[in-house]
Amino acid sequence: IIGAHYDSNGDHNGSLGLTDNGSGVSALLSLAEHFSGQSLPYTLRLVAFGAEERGLLGSKAFVNKMQSDSTKNNSTATNNTEVIGMINLDTIIGGDILYVHSAHVKPYNCDFLGQSTYSSSTKLREGLRAVSSRLYPATPHQLHPKFEGYPEGVTGGWSDHAPFACNGIPIAYIEATNFSLNGKHGNDGYSQVADSAYWSCFDAAKNGACNRDDEKAWGEIWHTKYDRADALFPVMKDRLKTQLEQNVEVLKAFVLEADKWL
């Protein structure tokens, strides 16, 4: 499964959801067009999830249905096949650096499932990294550095990958941000860009705000007035195009050799 949520948030701030998560949905559509009619090593299911911003409601419903179908052993159910991996695309353009994560080694809250078998496998993550390094050796997808509460390369349960990890399915999560930036709460990835256009005042020497008490913008795009074409294109249109193309090309190559990694 490759999935991306198609809802957004932050409209009260002026956001139109270009990166979060129009970018992931754009990649899904590109993959659908590219792979239509092709014979693949595994069945590929492309899923647009609703209500991610309201608590992963779409992906939780999908996984609950998948688990229910498996329990019933209903051969006519569309989700009755074994799912061997899930790649989540959420805000995959805009940030300074492309990353790929695996599920946290500490299990997420999986109470929404009646029965849970958690997976923190890194095999999808490492497969994507290998493909990215081969195709884009100068700018491969990276692992985020260790952050308090988060070992290198693992992510929290705030996006649509989490319900699949809860169901014992290896996941990978692609996003574009910048964990080196000293944001509002430190190096947590919630500040996506170092460009001064998205800070009240950016200090390159501090790799963060000139004055933390006065900073308002923090280099954040998601859910803000900056997550729209008229705020992003004048500054980083070429970057957005390049990042989207890299993500799609890496996914296209990975799908064709998925048997090597899975």
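Keep in mind it's a predicted model, so treat the numbers as computed, not measured.

**Things to note about the pattern of salt bridges**
According to the stated counting rule, one finds seven salt bridges in the structure shown. In this structure, Glu-126 engages Arg-129 in a salt bridge whose closest nitrogen and oxygen atoms are separated by 3.0 Å. Linking Glu-126 with Arg-129, this pair stays in helix α3 (residues 123-135), spanning three residues, or about one helical turn. The partly exposed category is assigned to Glu-126, whose relative accessible area is 28%. Overall, Arg-129 belongs to the partly exposed group, its relative accessible area being 25%. Put simply, Arg-125, Glu-126 and Arg-129 are held in one network by salt bridges that share partners.

**Comments concerning the packing of helix α1 (residues 18-35) against helix α5 (residues 229-256)**
Interhelical geometry of α1 versus α5 gives an angle of 40 degrees and a closest axis separation of 10 Å. Accordingly, the angle class assigned to the pair α1 and α5 is oblique. Of the two elements, α1 crosses α5, and the hand of that crossing is right-handed. Contacts between α1 and α5 involve Leu-18, Thr-19, Ser-23, Ser-26, Ala-27, Ser-30, Leu-31, His-34 and Phe-35 from the former and Ala-229, Leu-232, Phe-233, Leu-240, Leu-244, Val-248, Leu-251, Lys-252, Val-255 and Leu-256 from the latter.

**Topic: the state of the cysteines**
In this structure the tally under the stated criterion is two disulfides. Each sulfur of the disulfide joining Cys-110 and Cys-166 lies 2.0 Å from the other. With the S-S bond torsion at -75 degrees, the cross-link from Cys-110 to Cys-166 turns out left-handed. Placement of the pair is Cys-110 in the loop between β4 (97-103) and α3 and Cys-166 in helix α4 (residues 162-166), with a sequence separation of 56 residues.

**Brief notes about the packing of aromatic side chains**
Scanning all chains against the criterion turns up twelve aromatic pairs. Ring geometry for Tyr-99 against Phe-179: centres 4.8 Å apart, planes inclined by 85 degrees, an arrangement best described as edge-to-face. Of the two residues, Tyr-99 sits in strand β4 while Phe-179 sits in the loop between β6 (171-177) and β7 (202-203), which places them 80 residues apart along the sequence. Taking 5.0 Å as the distance between ring centres and 85 degrees as the angle between the ring planes, the aromatic pair formed by Tyr-198 and Tyr-226 counts as edge-to-face. With a gap of 28 residues between them, Tyr-198 in the loop between β6 and β7 and Tyr-226 in the loop between β8 (208-209) and α5 connect regions that are remote in the sequence. Taking the relative accessible area as the measure of exposure, Tyr-198 reaches 1% and is therefore buried. One aromatic cluster is present, built from ring pairs that chain together Phe-147, Tyr-150, Trp-158, Tyr-190 and Trp-222.

The rules we used
Residues numbered from 1 in each chain as written. Predicted model: local features only at pLDDT ≥ 70, side-chain atom pairs only at ≥ 80, totals over all residues. Heavy atoms only, no water. Salt bridge = Lys/Arg side-chain N within 4 Å of Asp/Glu carboxyl O. Helix = DSSP H or I, 4+ residues; strand = E, 2+ residues; numbered from the N terminus. Buried < 20%, exposed > 50% of the residue type's maximum accessible area, 1.4 Å probe, protein only. Axes fitted to C-alpha atoms, helices over the stretch in contact; angles between N-to-C directions. Parallel < 35°, antiparallel > 145°, perpendicular 65-115°, else oblique. Left-handed = near helix turned anticlockwise from the far one by under 90°. Contact = heavy atoms within 4.5 Å. Disulfide = S-S within 2.5 Å. Phe/Tyr/Trp six-rings, centres within 6.5 Å; stacked < 30°, edge-to-face > 60°.

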